Amino acid sequence: MTKTAARRPNILWFCTDQQRWDTIAALGNSEIRTPNIDRLCARGWAFDRAYAQAPVCTPSRASMMTGRYPASHHVMRNGNDSFPETEQLVTGLLADAGYRCGLIGKLHLSRQAKGEKRPDHDGFETFLWNPQPAYRGQGSDYHDWLAERGADHAALFSDPTKFCGPGAPEDLNQAAWATDRSLGFIGAGSDDPWFLMVNLFDPHPPFDPPQNFLDRYDPQRLSPPAWAESDVAAQAFMADIPFQSPHLDVFGPTPDRNGAGVPANRPAQVAAKPPESFDARAVKAAYYAMIENLDMRLGEILDHLDKTGQAEDTLVVFGSDHGEMLGDHGLIYKGCRFYDGLVRVPLVFALPGRVRAGVVSQALVELVDIAPTLLDAAGIAVPPAMIQRAAVPRAGRSAWRSASSSLALRSPALSGTAWGMSAVPCDGPCSVIPLHPASRELSAAPERAARPAPTGSGRARRQKATSKPPAFRASRRFAAQAWFQSSGASASSSATRAWYAPKACSIPVHSARM
């Protein structure tokens, strides 16, 4: 393989599902072991304040893959029959530019229950699909891989109601399959660049790591979730807003780590429960064990790049589509809430010699920034319809975004301090929304939250977007939050810009600590 300074880099995008921002040892979590994510951080640029465009999979992944906000691509929820034909994926642009593109794992740009309909020009020459380990439909390469090894998929995933406990063994779980297929795709390298998206299901529930990884974590030695008694009333007030947590009474007082079941007929409403009532530390132990297993597999791929001499020519991106409540505020799973645990995610870029090493940046970035960053690294013009910014400055660039282009103050959801702010990116000076100290819900002043947008009232905008009534009309105080939830937009979405009048502000956002 010919190596030159001007060679377009290979791109490895290692994407987990439902991994929160505070789950990396190198970035401050002393309870988890992530040696390979840590070495990626040491090699590259880690963002400590990266935000998803939505707290659920499909809208967030659509923004990652298109470089556009949900208000632009109109993918607002999970379960869509297809992906909009008018949208252009970054992988299609890379393929058009000569990249050999592959996907291993899930795509989830549309409904996947009976096989996902691929976009017309997704760019993937290799498409080894498996939406989730327990998937029982057709078209799963993971099933074929298990059969090659004499393993019975139905026996491995015999309990579809499993909540928390040991899962498939290390050598047969989905991450093992994805790593094996990844090494085959990468091979020994070639003169033509490649792009590989390793799109894993873990640490998405059920919380079912291999037993040997689960054994490494003692739940009683882990910190408890963020919780206050006021969370019960706060979540009861929002009980009809969609969220995946059922009434947690179904788990019993202490769910069995060997697999307590969740009834198929979950209650429609959401209830918050004290974390000890559903053994949230046992859930956290399993969640951390899943991440450590993924970390091991990432290390195997990084080792392969080193051994084949491709590491210096490969941009590695590590991140996730959104987070997981993990017991915070008495909730598990995900849905229409905008706590840091759900919308703040890990994001790391590494490319020796072209991305500064060892940087932990406090700059506000978003998953919508990934696509233009990949194009920028590949020397491909960013289309006009895509966000016109790259997240990572290459070596020698002084800054990637001006202080006036976005704004965020760090949220204290897990720090225990009294007040925080939610992120509202904007094109000029912005306002910020204080979060209530007890429940941390959006609590903008009523007159600001209910102020009509320039193109019409919030109610008119909702009715234009959907024929269904808005899910949440409890008070004017929460009008902005209701609009976010009914539209699928995130608090870090450009769609929020119409709601808030500009205010003078001068907070730098591109500082980094070494």
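Residues numbered from 1 in each chain as written. Predicted model: local features only at pLDDT ≥ 70, side-chain atom pairs only at ≥ 80, totals over all residues. Heavy atoms only, no water.

Focus: the pattern of salt bridges
Part 1 of the argument: Going through the model one piece at a time under the given rule, you end up with 20 salt bridges.
Part 2 of the argument: Between D321 and R61 there is a salt bridge, with its nearest N and O atoms 3.0 Å apart. Taken as a pair, D321 in the loop between strand 6 (314-320) and helix 11 (340-343) and R61 in helix 2 (residues 57-66) lie far apart in primary sequence, 260 residues in all. Considered together, D321 and R61 belong to a single accessibility category, that of buried residues.
Part 3 of the argument: Salt-bridge contacts for E148 lead to R149; the nearest nitrogen and oxygen are separated by 3.3 Å.
Part 4 of the argument: By relative accessible area, which is 53% here, E148 ends up exposed.
Part 5 of the argument: Shared partners join several salt bridges into a network, and the residues in it are D141, E148, R149, D180 and R181. (Salt bridge = Lys/Arg side-chain N within 4 Å of Asp/Glu carboxyl O. Helix = DSSP H or I, 4+ residues; strand = E, 2+ residues; numbered from the N terminus. Buried < 20%, exposed > 50% of the residue type's maximum accessible area, 1.4 Å probe, protein only.)

Section: the nonpolar core
Part 1 of the argument: By size, the foremost hydrophobic cluster in this structure holds 40 residues, and its most contacted members are W13, F47, L94, F195, F349 and L374.
Part 2 of the argument: At five residues, helix 12 (residues 370-378) tops the list of elements feeding residues into this core.
Part 3 of the argument: Counting residues in each nonpolar core, the second largest holds 38 residues, with W145, L146, A175 and W177 among its members. (Core = buried A, V, L, I, M, F, W, Y, C linked by side-chain atoms within 4.5 Å.)

Side note on the packing of helix 7 (residues 174-186) against helix 10 (residues 280-307)
Part 1 of the argument: Direction vectors running N to C along helix 7 and helix 10 enclose 10°, while the axes themselves pass 10 Å from each other. One way to sum up the angle between helix 7 and helix 10 is to call them roughly parallel. Two packed elements cross with a definite hand, and for helix 7 against helix 10 that hand is right-handed. Across the interface between the two elements, A175, A176, T179, S182, L183 and I186 from helix 7 touch N293, L294, R297, E300, I301, H304 and L305 from helix 10.
Part 2 of the argument: Among the residues making up the contact of helix 7 with helix 10, the classes are represented as seven nonpolar, four polar and two charged. (Axes fitted to C-alpha atoms, helices over the stretch in contact; angles between N-to-C directions. Parallel < 35°, antiparallel > 145°, perpendicular 65-115°, else oblique. Left-handed = near helix turned anticlockwise from the far one by under 90°. Contact = heavy atoms within 4.5 Å. Nonpolar A, V, L, I, M, F, W, Y, C, P; charged D, E, K, R; others polar.)

Some words on the side chain of R7
Part 1 of the argument: Turning to its location among the elements, R7 is positioned in the segment before strand 1 (10-16).
Part 2 of the argument: Of the side chains with opposite charge, D313 lies nearest to the buried R7, which makes no salt bridge, at 4.5 Å.
Part 3 of the argument: Of note is the side chain of R7, whose polar atom sits 2.9 Å from the backbone oxygen of S190. (Lys, Arg positive; Asp, Glu negative; His and termini not counted. Polar contact = N/O pair within 3.5 Å; in protein donor to acceptor, adjacent residues only side chain to side chain.)

What to know about empty space enclosed by the protein
Part 1 of the argument: Tallied over the full model, the rule gives four cavities of 30 Å³ or more.
Part 2 of the argument: Put simply, the second largest cavity is a space of about 80 Å³.
Part 3 of the argument: Looking at the second largest cavity, the residues that line it are P133, F157, G167, A168, N173, Q174, D202, D208, P209 and P210.
Part 4 of the argument: The residue makeup of the lining of the second largest cavity, split by class, is five nonpolar, three polar and two charged. (1 Å grid on protein atoms, 1.4 Å probe; cavity = no way out; pocket = protein on both sides within 12 Å on 5 of 7 lines; lining within 4 Å. Points joined across faces, edges and corners; volume = space filled by probe spheres on them.)

Side note on the side chain of S140
Part 1 of the argument: Tracing the chain through its elements places S140 in the loop between strand 4 (124-129) and helix 5 (141-148).
Part 2 of the argument: For S140, a relative accessible area of 4% corresponds to the buried category.
Part 3 of the argument: A polar contact is formed between the side chain of S140 and the side chain of H143, at a distance of 2.6 Å.
Part 4 of the argument: Sequence-distant contacts of S140, that is, excluding residues within four places in its chain, are made with W129, N130 and Y135.

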